[in-house]
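Structural description and commentary
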Amino acid sequence: MSQIRFARLSDAERIRKICSDLTIDRASKARSSFVKYPPHTKEEWERRIEDNPFFYVIEQARKVIGFFSNYTDSKLAEVTKVDDKLAKIVLKKPAHFIYNDLLRITPEFQGQGIANRLIEKFLEDTKDSQYPLAWTTVSHAPYRNVQSIRLMESFGWNLDEEIQTKEGLTFGLYRKEL
């Protein structure tokens, strides 16, 4: 039986590995993965996990099989790299929001409702929080992540705008009232 819990610093290397394993080339025809983007180091993941009440992992048999990283606006400002255009755009939004960054499940556990469970846990934890909005980005081009778009829309996220990066990628910026 899988169990959702808050991420710990000791999960950083496993999270880094999951991201690395799920990374695809921009031209890939894979149905769902993480489009190649500058990866975080173990130390960067540790900074993202530390003192973060909205960073979840799901484990089975004491092994992390997926995660959902979310950041309050202040935490996002703290961990954002100088060249992260997506985060910079989100940080221009009015304060008191949570940014849903990455939702990743290892391939052998995909399609089992785990992503739904992680989102439900996030929504449960934010129901009575001081954060009225959640933002997320999903790849639109050259790879359109239809699976992620449908998932987020099924939980009430709606497309707010499209963002193009200097690397030639296009992302949809989705918004949800919490």
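Remember, it's a predicted structure, so these values are computed and weren't measured experimentally.

Concerning the side chain of His40
When you line up the elements, His40 lands in the loop between strand 3 (34–35) and helix 2 (42–49). Of the polar contacts made by the side chain of His40, one reaches the side chain of Arg48; its length is 3.4 Å. Those residues within four positions of His40 in sequence are excluded, and the remaining contacts are Arg16, Trp45, Arg48 and Lys81.

Notes on the pairing of strand 4 (residues 55–60)
Most of strand 4 sits inside the fold, with five of its six residues counted as buried. Of the strand pairs in this sheet, strand 1 (residues 3–6) and strand 4 are connected by four bridges, and their pairing is antiparallel. Among the inter-strand pairings, Gln3 is bridged to a residue of strand 4, identified as Glu59. Note: strand 4 against strand 5 (residues 63–72), six bridges, orientation antiparallel. Residue Tyr56 lies in a different strand from strand 5, and its bridge partner there is Phe68. Counted between consecutive antiparallel strands, the loop separating strand 4 from strand 5 contains two residues, among which Ala61 sits at a positive phi close to 50 degrees.

Some thoughts on the environment of Arg62
Note on placement: Arg62 falls in the loop between strand 4 and strand 5. Residues Arg62 and Ser2, 60 residues apart in the sequence, show an inter-C-alpha distance of 8.7 Å.

Concerning helix 6 (residues 146–154)
If you check which residues of helix 6 are buried, you get Ile149, Leu151 and Met152. Projected onto a plane normal to the axis of helix 6, the buried residues spread over an arc of 165 degrees and lie on a single side. For helix 6, exposure combined with an orientation more than 90 degrees from the buried face picks out Arg150 and Ser154. In the core, the buried residues of helix 6 are packed alongside strand 6 (97–105), helix 5 (114–126), strand 7 (133–141) and strand 9 (170–177). Directly after helix 6, the chain includes Gly156, whose backbone phi takes a positive value near 100 degrees.

Regarding the pattern of salt bridges
Throughout the structure, instances matching the rule amount to twelve salt bridges. Where Lys93 meets Asp160, a salt bridge forms, and the shortest distance between an N and an O atom there is 3.6 Å. Of the two residues, Lys93 is situated in the loop between helix 4 (85–90) and strand 6 and Asp160 in strand 8 (residues 158–164); the sequence distance between them amounts to 67 residues. Notably, a salt bridge pairs Glu161 with Lys93, separated by 3.0 Å at the nearest N-O pair. In this pair, Glu161 sits in strand 8 while Lys93 sits in the loop between helix 4 and strand 6, placing the two residues 68 residues apart along the sequence. The class of Glu161 is partly exposed, set by a relative accessible area of 30%. By relative accessible area, Lys93 is classed as buried at 18%. When salt bridges that share partners are traced, they join Arg5, Asp11 and Glu59 into one network.

Reading guide: rules and limits
- Residues numbered from 1 in each chain as written.
- Predicted model: local features only at pLDDT ≥ 70, side-chain atom pairs only at ≥ 80, totals over all residues.
- Heavy atoms only, no water.
- Helix = DSSP H or I, 4+ residues; strand = E, 2+ residues; numbered from the N terminus.
- Polar contact = N/O pair within 3.5 Å; in protein donor to acceptor, adjacent residues only side chain to side chain.
- Contact = heavy atoms within 4.5 Å.
- Buried < 20%, exposed > 50% of the residue type's maximum accessible area, 1.4 Å probe, protein only.
- Pairing = 2+ DSSP bridges.
- Arc of directions from axis to C-beta.
- Salt bridge = Lys/Arg side-chain N within 4 Å of Asp/Glu carboxyl O.

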